[in-house]
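# Overview (structure and organization)
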Amino acid sequence: MYCVKTIKEDLFWVGGTDRRLALFENAFPIPRGVSYNSYVLMDEKTVLFDTVDRAISQQFFENLEAVLNGRSLDYVVVDHMEPDHCATLGELVARYPDMQVVCNAKTVSVIKQFYNFDIDAKAVVVKEKDTLTTGKHTLTFVMAPMVHWPEVMVTYDMTDKILFSADAFGTFGAMNGNLFADEVNFERDWLDDARRYYTNIVGKFGPSVQTLLKKASALEIEMLCPLHGPVWRENIGWYVDKYLTWSSYAPEEKAVMIAYGSIYGNTENAANILACRLADLGVKNIAMYDVSSTHPSYLISEAFRCSHMVLASVTYNGGLFSYMEHFLSDLKAHGLQNRTVALIENGSWGILSGKIMGEALAGMKNMNVLEGTVSIKSSLKDGQEASLEALAKAVWESMQ
């Protein structure tokens, strides 16, 4: 049976949801599942905007056939060739052999990498600002390389002022019947997943996202149709502002995130005491994470959200505790910058974690490492609380 949602009188959602998948891209936990969005325009010519992941292919094809209702499919627009959106492209070509594939030149080469069908005979190759008229509707195409693959483009329906935005403005999370963002409490229930999706999937490519946002600002957009998550038809500017913040690596909130790597609890104890001293000074909504038990994708998301970080780590095997090392490596890989950081180090011999964390932060852009690193030998001793109070005060003062 099909499950189709009507967006406009001639535009339909034919995607689906996967609540069974544990790891998106086999890397990121998705306890709330994920949706794969695909859209059909029923004009004089029929147009499908992207396909879906193979996991929901049966639902997708039932939805598509229900909307077409006996009509053939004239075009599929391929905005993004990643397999969660193109895994069913080969079967689509087999089912609709007369269909043409609308894509850019870079996409053609990627299609050849994934498939063996004759794309050259089917491709309608488009460039920046090219148009395609389907009857009532006129589509135009905007190239968006590295958001987050080099072949990405977005499609704008000039008639209904709808932007089919590929991976931009997507989010983790399964759809629960409500298709539109204004039908759910997005800020309460979806924003954390949207931030974690952006920062981990697209976050490295902030300059490319900024370029796309600049192009999009010249368009009158009344609806956003991403490839994951809810469709936006109200309060679009609020969500675009989030992307402007994230892609510029500006902190979303003036807040403190404490990430600690502790083996026997002594480093964690120091982090807890520091958190209490920060709270005593009036710092609110402090977020604390054990890097050993928190997936790095959540840590990356919080680092993008918060203006300040405290990194507390034990020294391990003459180097940095592996989970903290992994976190710092991910921070650098995702391009995080413009943060203020305080450090706590620990070790029973050869205390090196503070030095190594400092060197890792020095390899990132515009990272302000506060003076007064707290150094612990195995466990806190009498008199060391003053150094934690001084570090808390330094963090607090830098937030004013």
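Residues numbered from 1 in each chain as written. Predicted model: local features only at pLDDT ≥ 70, side-chain atom pairs only at ≥ 80, totals over all residues. Heavy atoms only, no water.

Identification of the chain as FprA family A-type flavoprotein from Candidatus Enterocloster excrementipullorum is taken from an unreviewed UniProt entry. Annotation of the chain in UniProt includes, under Sequence similarities (unreviewed entry), the sentence "In the N-terminal section; belongs to the zinc metallo-hydrolase group 3 family." (UniProt positions renumbered as here; feature names shortened; annotations may be inferred.)

Next up on the list: the packing of helix α11 (residues 296-305) against helix α12 (residues 322-333). Where α11 contacts α12, the two axes come as close as 10 Å, and the packing angle between them is 55°. By the angle between their axes, α11 is oblique relative to α12. The interaxial crossing formed by α11 with α12 has right-handed handedness. Packed against α11, whose contacting residues are P296, L299, I300 and A303, the element α12 presents H326, F327, D330 and L331 at the interface. Residues that form the contact of α11 with α12 fall into these classes: six nonpolar, one polar and one charged. (Axes fitted to C-alpha atoms, helices over the stretch in contact; angles between N-to-C directions. Helix = DSSP H or I, 4+ residues; strand = E, 2+ residues; numbered from the N terminus. Parallel < 35°, antiparallel > 145°, perpendicular 65-115°, else oblique. Left-handed = near helix turned anticlockwise from the far one by under 90°. Contact = heavy atoms within 4.5 Å. Nonpolar A, V, L, I, M, F, W, Y, C, P; charged D, E, K, R; others polar.)

Here the focus is the side chain of T199. The residue T199 is located in helix α7 (residues 191-202) in this model. Side-chain polar atoms of T199 contact the backbone oxygen of R196, separated by 3.4 Å. (Polar contact = N/O pair within 3.5 Å; in protein donor to acceptor, adjacent residues only side chain to side chain.)

The next thing to look at is the sheet that holds strand β2 (residues 11-13). If you trace the seven strands from one edge of the open sheet to the other, you get β1-β2-β7-β8-β9-β10-β11, paired in mixed fashion. Whereas interior strands pair on both sides, the edge strands pair on one side only; in this sheet they are β1 (5-8) and β11 (123-125). Neighbour-to-neighbour, the strand axes of this sheet turn through a mean angle of 25°, independent of strand direction. The pairing of strand β8 (residues 46-49) with strand β9 (residues 75-77) spans three bridges and is parallel. When the sheet's bridge partners are listed, F49 is paired in β9 with V77. On top of the sheet, helix α1 (residues 57-68) reaches β2, β7 (39-42) and β8; it is set at about 10° to β7, its chief contact. Where helix α4 (residues 105-114) meets the sheet, it contacts β10 (100-103) and β11, and its direction lies at approximately 125° from that of β10. (Pairing = 2+ DSSP bridges.)

Here we take up the nonpolar core. Here is a general trend for soluble globular proteins: nonpolar side chains tend to be buried in one another's company. Judged by nonpolar contacts, the single largest core of 89 residues is most densely connected at Y39, L48, L64, L89, L92, I111 and F141. Examining the composition of this core, we find that six residues originate from one element, α7, more than from any other. With sequence-adjacent residues up to four places away left out, I111 is seen in contact with M81, L89, V101, C103, F117 and I119. (Core = buried A, V, L, I, M, F, W, Y, C linked by side-chain atoms within 4.5 Å. Buried < 20%, exposed > 50% of the residue type's maximum accessible area, 1.4 Å probe, protein only.)

Attention shifts here to the side chain of Q337. Here Q337 is to be found in the loop between α12 and β21 (339-347). Within the structure, Q337 has its side chain in polar contact with the backbone oxygen of G335 (distance 3.1 Å). Contacts of Q337, omitting those with residues within four sequence positions, involve Y249, K365, N366 and M367.

Moving on, we get to the sheet that holds strand β14 (residues 153-157). In spatial order, the strands read β12-β13-β14-β15-β16; together these five strands make up an open sheet with mixed pairing. Strands at the two margins of the open sheet, each flanked by one partner only, are β12 (131-133) and β16 (223-225). Across the sheet, the mean angle separating the axes of adjacent strands is 20° when strand polarity is ignored. Summarising the sheet, strand β15 (residues 162-164) and β16 pair through three bridges and their orientation is parallel. Considered in β16, the bridge of I162 is made with M223.

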